[in-house]
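Structural features, examined
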Amino acid sequence: MFSPIAPLTHSITVYLDDQPITASKGESVAACLLRAGVAFNRLTPVSGAPRLPYCMIGQCFDCLVEIDGIGNQQACLTIVRDRMRVRRQNGAAVALEHSAQ
Amino acid sequence: MTQTTDMRPSVPMDADIIIVGCGPAGMTAAIELAEANCSVIVLDMQPTPGGQIFRNLEDNISQKSSDKQKLLAALGPAYRAGADLIRRFRASSRIDYRPLTTVWEVRPDGTVGWLRGVDAGYLRATTVILAHGAMERPVPFPGWTLPGVMTAGAVQTLLKAGNLKPTGNVVLVGTGPLLLLLATQLHKLGVKPTLIARTDRFSDGLRAMRHLRRNGLLPVIKGLGWLAQLKRAGVRMVSGLSDIAAEGEQKVEAVSFTAKGLRVRQACDLLVVHDGIVPAIDIPNGAGLALQWDQANASWRPRTTPDGLASSTLPPDLQPERCAVRITGDARRIGGAEAAIAHGQLTAQAILAELGKGSGISSKSQQAVDRTLSVRPFLDTAFPPGLSATLPDDNTIVCRCEELTAGALREKIRTGFSNMDALRGETRCGMGPCQGRNCMITAARLIEEAHGACVPTPPVFRGRPPIRPLPLGALAGLNGLDPSATELLTLEDKPEHDVEATSDVPAE
């Protein structure tokens, strides 16, 4: 859906669901995920529908992800850091799985 | 200048002025106030100054690669025009600039709750300027939650700050100058839109002609230039469309709409939507500030004096002695960067006059505000809301967070939930992470649909802090203000003090 305008500079590594992906210093987590081409950054808690960033300016809250262990972080407002751990949010399915254990 | 009521102890001030938002209005006000020796704190969500209009400008200008030069050329002179303002903002040593900081509460007495990473606290100033800008008008239509549907502003943000451009079939749908500007920017970057489908009609443009003013000619000429460029490039354009729907299961695959009586379907990889921009009212509403309905722009905006002074809707016994909040830029009234700069300056002059400094609002500033806003009646008439013109059908999602359809809300409204807060409490509409930013206007219009437009201003959800998610750890470590100093405004601001009717809630 998106491709880089200029070649990546100042590459760093972030982990998306434990897999290393390349990020560019200074970019937002949302831009990083869109460049990586993920199909979704979260599944909704109600119906499990996939979502990707919609507004990119902190108004829609569709780009929510877990960052370094804290859930519901706005990916469009968070700048990547080297070795940052990003997890996609899998809605209620995962929460229910946890509570069943 | 600290004024406190008898009930509250005096609270030390962290600065003379706190400014929320670091776009053209916020930066201009900050520079002006700092030059007059005021201490200024600027809080902004973004990593660098500029707001959405001048987003990531410093970085894009500093890069000398040919790709970045091409990007700068595509974004155009109006983008580069912000460089000087940002330089002056950075150069001022009296401005305490705090990027990557979200604001989750503002109170009419000048208190501001902030969050940066996992640190949070309160700051207080004699005056707070809200210059937090605008958002795109919410456009509920079938499929608007699918991955691959994005707003025009989102795609522009990715160009400016994400080093990303769209690939594949790109379709732009909606109305307004931003849609056409983005289309020309994409074309200059080698991305030719597959289709631009507009809701506005030729007749809207004709009707708008009578609003043309000499001062507003330049933006109109610019817009016609964009259209001519796109035509020359052979971009397919349709106007006067209605009944848009995005199709697809896991992502958008096609868009369909009705134009000239025919149903059109176009395959796409990215569907860009835009229906004009509206003031972001999350902070003013959360602060209990008065709002008004702007019929011309079909949006709420804060009720302010011409020099930006807001007014509190709290009952008299809870009102601070003076409302410390002023609102400027697009957050007050949509006008674009130049209007924001003009009004930011005027607001700063009004504050300086209040502090006994400066010589009040200059006629030059007043004229600049009038001049820069003079094109608005033309634009409002030429690009009326289209995607959001008719209310969504029953199957369309209204509340993106809680996935509530218009049908679900209509059913509750029919059974008596005709009050916004009752509807919210019953359905969770507006209770998700976005806190109603994307569903409030539609919920209000659905209530009006059932009960008639009985009020001059559509009803709003009562805003409550925190208006943005605040991690528990940050809340536990809150710093900066003695809690007892805030008790009066936070604990006693309950509905029984308000005119709000709780009798609208049906009995169990």
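Describing the sheet that holds strand 7 (residues 70-74) of chain A
Residues and elements named next belong to chain A. With respect to topology, five strands assemble into an open sheet ordered 3-2-8-6-7, the strand pairing being mixed. The sheet is open, and its two edges are formed by strand 3 (19-24) and strand 7, each paired on a single side. Pairwise comparison of adjacent strand axes, ignoring direction, gives a mean angle of 40° for this sheet. Bridge analysis of strand 2 (residues 11-16) against strand 3 gives six bridges, and the strand direction is antiparallel. When the bridges of strand 3 are listed, S11 appears paired with S24.

Description of the pairing of strand 6 (residues 119-130) of chain B
Residue and element names in this part refer to chain B. Within strand 6, eleven of the twelve residues are buried, which leaves the element mostly enclosed by the surrounding structure. As paired elements, strand 1 (residues 15-20) and strand 6 share five bridges and run parallel to each other. Residue pairing for strand 6: A15 is matched across the bridge by A125. Pairing between strand 5 (residues 111-116) and strand 6: six bridges, direction antiparallel. Bridged to V112 within strand 6 is L123. Hairpin geometry of strand 5 and strand 6 is characterised by an intervening segment of two residues between the two adjacent antiparallel strands and by a positive phi of about 65° at G117.

Things to note about the confidence of the model for chain B
All names here are of chain B. Predicted confidence across chain B gives a mean pLDDT of 91, with 92% of residues reaching 70 or more. Per-residue pLDDT stays below 50 along residues 1-8; that stretch engages in 18 contacts with residues further than four places along the chain or on separate chains. Low pLDDT (under 50) marks residues 490-505, which in the prediction has 24 contacts with non-local residues, meaning those over four places away or in another chain. Reported confidences for the modelled complex are a pTM of 0.93 and an ipTM of 0.95.

Overview of the pairing of strand 6 (residues 64-67) of chain A
All names here are of chain A. Bridging between strand 6 and strand 7 involves three bridges; their strand directions are antiparallel. Note that in strand 7 the partner of I67 across the bridge is I70. Remark: two residues form the turn of the hairpin made by strand 6 and strand 7, two consecutive strands paired antiparallel; D68 in that turn has positive phi of roughly 45°. Pairing between strand 6 and strand 8 (residues 85-87): two bridges, direction antiparallel. Looking across to strand 8, one finds that E66 is bridged to R87.

Observations concerning the state of the cysteines
Residues and elements named next belong to chain A. As enumerated under the stated definition, the model contains zero disulfides over all chains in all. Unpaired in this structure, C32 has its nearest cysteine sulfur neighbour in C63, at a distance of 13 Å. Exposure remark for C32: the relative accessible area of 1% places this residue in the buried category. This cysteine, C55, is not joined by any disulfide, and C60 carries the nearest cysteine sulfur, 3.9 Å off. Accessibility expressed as a relative area gives 8% for C55, which makes it buried.

What about the packing of aromatic side chains?
Evaluation of the coordinates by the stated rule reveals four aromatic pairs over all chains. Look at Y54 of chain A and W144 of chain B: their rings are 5.9 Å apart centre to centre, the planes differ by 85°, and that puts the pair in the edge-to-face class. Taken together, the residues span two chains, with Y54 of chain A in the loop between strand 5 (50-51) and strand 6 and W144 of chain B in the loop between strand 7 (134-136) and strand 8 (149-151). Like W144 of chain B, Y54 of chain A is buried. Note on F89 of chain B and Y97 of chain B: the rings are 5.3 Å apart at their centroids and 85° apart in plane angle, and the pair reads as edge-to-face. The pair F89 of chain B / Y97 of chain B is uniform in exposure class, with both members buried. The lysine or arginine in question, R400 of chain B, covers the ring of Y54 of chain A, its NZ or CZ lying 3.8 Å from the ring centre.

Focus on the interface of chain B and chain A
Across the boundary between the two partners, chain B contributes 50 residues, which contact 36 residues of chain A. The junction of chain B with chain A conceals about 3,700 Å² of combined surface from both sides, 61% of it contributed by carbon and sulfur atoms. In this assembly, chain B and chain A are joined by two salt bridges. Of the charged contacts in the structure, one is a salt bridge between R51 of chain A and E403 of chain B, with a shortest N-O distance of 4.0 Å. Linking chain B with chain A are 13 residue pairs in polar contact (both at pLDDT 80 or more), by the criterion used here.

Looking at helix 5 (residues 83-91) of chain B
All names here are of chain B. Every buried residue of helix 5 is accounted for by A83, L85, I86 and F89. Looking down the long axis of helix 5, one finds its buried residues gathered within 160° of arc, a one-sided arrangement. In this structure, helix 5 carries R87 and A91 as exposed residues pointing more than 90 degrees from its buried face. The inward-facing, buried residues of helix 5 contact helix 1 (24-35), strand 2 (40-43), helix 2 (57-62), helix 4 (77-80), strand 3 (95-98) and helix 11 (336-354).

Thresholds, definitions, all that
Residues numbered from 1 in each chain as written. Chains lettered and ligands numbered in written order. Predicted model: local features only at pLDDT ≥ 70, side-chain atom pairs only at ≥ 80, totals over all residues. Heavy atoms only, no water. Pairing = 2+ DSSP bridges. Helix = DSSP H or I, 4+ residues; strand = E, 2+ residues; numbered from the N terminus. Axes fitted to C-alpha atoms, helices over the stretch in contact; angles between N-to-C directions. Buried < 20%, exposed > 50% of the residue type's maximum accessible area, 1.4 Å probe, protein only. pLDDT = per-residue confidence, 0-100. Contact = heavy atoms within 4.5 Å. Disulfide = S-S within 2.5 Å. Phe/Tyr/Trp six-rings, centres within 6.5 Å; stacked < 30°, edge-to-face > 60°. Lys NZ or Arg CZ within 6 Å of the ring centre and 35° of its normal. Buried area = accessible area lost by both parts, 1.4 Å probe. Salt bridge = Lys/Arg side-chain N within 4 Å of Asp/Glu carboxyl O. Polar contact = N/O pair within 3.5 Å; in protein donor to acceptor, adjacent residues only side chain to side chain. Arc of directions from axis to C-beta.

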